[in-house]
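# Descriptive analysis of the structure
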Amino acid sequence: MKLSLLALLGVSSVTASPDSLTAVPVIAIMSHPYNSTHEFIPASYVKYLEMGGARTVRLPFTADDAEVEKIVDNTNGILFMGGKPTLPEPAIHAYALATDLQDGGTPYTLGGTCLGFQWLSMLMANSTEVLSCGFDSEDLNLALEFTDAGKASRTYNPDTGKYSSVDMVSLLTDNAVTLNMHTCGIDPVVAATIPDYTVLATNMDRAGLPFVSGFEHATRPIYGTQFHPEKNNFEYGGDSADVAAEPAVHDENGLRMAFELISFFVREAAKTGTRYDAASGVEIVYESNEGIEKGDAHEETYMWKM
Ligand SMILES: *[C@@H]1O[C@H](CO)[C@@H](O)[C@H](O)[C@H]1NC(C)=O
Ligand SMILES: *[C@@H]1O[C@H](CO)[C@@H](O)[C@H](O)[C@H]1NC(C)=O
């Protein structure tokens with residue numbers, strides 16, 4: 001029997017409504033200083049969030065309070081990326097706005113990768129003192145050592161079977177697919193002093209010093225990984241001059257880990273309902289960027305004039 005195309009499409013002739021784009025979760029990424037005139041976001045963070053079902057806007061590193069408020073008003077959450085700068089005032093302001101929204105019943109979602117994970121750890125501790133430096137863990141792919149809380153966490157055990165059949169705890173225990181590129185981090189002993197900071201997994205650096213590999217807030221939608229899942233699908237080389245670059249693992253396990261982590265994060269962020277309004281003037285990264293650098297360790301990097 002032959003099925004007609006119409007039958008395949010279904011009888012209800014569902015078409016995309018004009019609202020279907022604004023209904024997609026929109027996540028802000030905080031850009032970092034590039035040089036004295038420009039800020040940047042590596043394309044891998046944009047693509048990673050898109051892989052999870054979100055669109056992205058930029059939260060400038062130098063945003064004033066009003067700009068931070070406008071971007072929070074028009075997004076479902078923020079991803080703080082990896083990099084070098086110290087915790088800036090706009091990140092502290094955004095964190096306060098996010099936790100106020102959460103207290104009011106809107107589950108505005110925060111995520112952090114590497115430096116961004118460290119910023120969120122400092123914000124949760126309300127102290128920059130929780131950061132330790134001197135780890136030998138640049139360009140290091142590792143399997144995770146899960147805590148009991150990690151095995152039962154929202155991040156790694158999200159309604160198993162409901163959204164995905166992937167057992168993330170086994171996948172990440174058995175496969176060294178999380179790429180670390182850090183010399184600073186969070187000592188598990190210090191982490192235990194941060195209220196509501198649930199350590200999900202730990203690792204050791206090349207010298208045997210332990211660090212936290214991932215956390216989630218006990219109750220709030222706040223998540224962080226010391227490693228870089230945005231690189232597995234979208235970047236091909238390391239960026240450290242000190243040691244032989246060990247690139248992100250692009251095998252099936254590496255790709256799947258990244259997909260599962262970001263689709264969980266975007267699903268969490270979607271729980272706020274639609275917040276983006278194009279009429280606000282907040283532009284999607286593709287519209288707002290003022291140039292693309294090619295051929296660096298990030299493959300492509302979006303630029304903005306300060
Ligand atoms: C900063 O980098 C951008 C992008 O490559 C470039 O256009 C600009 O001229 C640079 N600014 C300075 C002061 O070097
Ligand atoms: C700690 O909290 C105070 C008051 O909210 C804030 O001004 C300060 O920036 C915070 N510091 C950090 C590191 O989060």
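This is a predicted model, so every value here is computed, not measured. (Residues numbered from 1 in each chain as written. Chains lettered and ligands numbered in written order. Predicted model: local features only at pLDDT ≥ 70, side-chain atom pairs only at ≥ 80, totals over all residues. Heavy atoms only, no water.)

### A look at the overall build of the chain
- Within the chain, the regular secondary structure consists of 11 helices and 14 strands.
- Summarising the internal contacts of the chain: among those between residues at least 6 apart in sequence, 77% fall at separations of at least 24.
- Within the structure as shown, the chain displays about 13,700 Å² of accessible surface, and the carbon and sulfur contribution to it stands at 54%. (Helix = DSSP H or I, 4+ residues; strand = E, 2+ residues; numbered from the N terminus. Contact = heavy atoms within 4.5 Å. Areas by Shrake-Rupley, 256 points an atom, 1.4 Å probe, with all protein chains shown as cover.)

### Regarding the sheet that holds strand E6 (residues 109–113)
- Strand order in the open sheet made by the eight strands is E4-E1-E5-E6-E12-E11-E10-E8, with mixed pairing throughout. Strands at the two margins of the open sheet, each flanked by one partner only, are strand E4 (55–59) and strand E8 (145–146).
- Sheet topology places strand E1 (residues 26–30) next to strand E5 (residues 77–80); three bridges connect them, and they run parallel. Paired with Ala28 across the bridge in E5 is Ile78.
- Its contacts with the sheet place helix H3 (residues 65–73) against E1, E4 and E5, and it is angled at close to 170° to E4. (Pairing = 2+ DSSP bridges. Axes fitted to C-alpha atoms, helices over the stretch in contact; angles between N-to-C directions.)

### Remarks on the pattern of salt bridges
- On inspection of all chains with the given rule, the structure shows eight salt bridges.
- A salt bridge links Lys231 to Glu235; the nearest nitrogen and oxygen atoms lie 2.9 Å apart. This pair shows no difference in class: Lys231 is buried, exactly as Glu235 is.
- Residues Glu252 and Arg256 are paired through a salt bridge, measuring 3.1 Å at the closest nitrogen-oxygen approach. One end of the pair is Glu252 and the other is Arg256, both in helix H10 (residues 252–270) and four residues apart, which spans about a single turn.
- Glu252 sits in the exposed class, given a relative accessible area of 54%. (Salt bridge = Lys/Arg side-chain N within 4 Å of Asp/Glu carboxyl O. Buried < 20%, exposed > 50% of the residue type's maximum accessible area, 1.4 Å probe, protein only.)

### A look at the state of the cysteines
- A complete count under the given rule lists one disulfide for this structure.
- A sulfur-sulfur distance of 1.9 Å marks the disulfide that ties Cys133 to Cys184. Since a negative S-S torsion denotes a left-handed disulfide, the Cys133-Cys184 link at about 105° is right-handed. Linking Cys133 in strand E7 (residues 132–142) with Cys184 in strand E9 (residues 178–185), this pair joins segments that are 51 residues apart in sequence.
- Classification of Cys133 by relative accessible area gives exposed; the value is 54%.
- Left without a disulfide partner, Cys114 is nearest to the cysteine sulfur of Cys184, which lies 9.3 Å away.
- Exposure remark for Cys114: the relative accessible area of 5% places this residue in the buried category. (Disulfide = S-S within 2.5 Å.)

### A word on H3
- Regarding H3, the residues found buried are Val68, Ile71 and Val72. Considered in projection along H3, the buried side chains sweep an arc of 100° and stay on one side of the axis.
- Looking at the packing, one finds that the buried side of H3 touches E1, E4, E5 and helix H4 (89–103). (Arc of directions from axis to C-beta.)

### Focus: the site of ligand 2
- By nearness alone, every residue bordering ligand 2 is listed as Leu87, Ile92, Leu123, Asn126 and Ser127.
- The contact in question runs from an oxygen atom of ligand 2 to an N or O atom on the side chain of Asn126, over 2.4 Å.
- When isolated, ligand 2 has an accessible area of 360 Å², and the protein chains bury 49% of it.
- For the shell around ligand 2, a count of residues per class yields three nonpolar, two polar and no charged. (Near = heavy atom within 4 Å. Polar contact = N/O pair within 3.5 Å; in protein donor to acceptor, adjacent residues only side chain to side chain. Nonpolar A, V, L, I, M, F, W, Y, C, P; charged D, E, K, R; others polar.)

### Thoughts on the side chain of Asn233
- When you line up the elements, Asn233 lands in helix H9 (residues 229–234).
- Classification of Asn233 as buried rests on a relative accessible area of 16%.

### Description of the packing of aromatic side chains
- The final tally for this structure, using the stated rule, is nine aromatic pairs.
- Each ring, one from Tyr286 and one from Tyr302, has its centre 6.1 Å from the other, and the planes form 70°; the classification is edge-to-face. One end of the pair, Tyr286, is in helix H11 (residues 285–288); the other, Tyr302, is in strand E14 (residues 300–305), with 16 residues separating them in the sequence.
- We classify Tyr286 as partly exposed; its relative accessible area is 44%.
- We classify Tyr302 as buried; its relative accessible area is 6%.
- Among the aromatic side chains, those forming a connected cluster through ring pairs are Phe117, Tyr197 and Phe215.
- Taking NZ or CZ as reference, Arg267 lies 3.7 Å from the ring centre of Tyr163, over its face. (Phe/Tyr/Trp six-rings, centres within 6.5 Å; stacked < 30°, edge-to-face > 60°. Lys NZ or Arg CZ within 6 Å of the ring centre and 35° of its normal.)

### Remarks on the pairing of E14
- Bridge count for strand E3 (residues 38–42) against E14 is five bridges, and the pairing is antiparallel. Bridge assignment links His38 to a residue of E14, and that residue is Lys305.
- For strand E13 (residues 292–294) and E14, the ladder comprises three bridges, and the chain directions are antiparallel. Directly across from Ile292, in E14, lies its bridge partner Tyr302.
- Between E13 and E14, which follow one another and run antiparallel, lie five residues, and Gly295 among them has a positive phi close to 80°.

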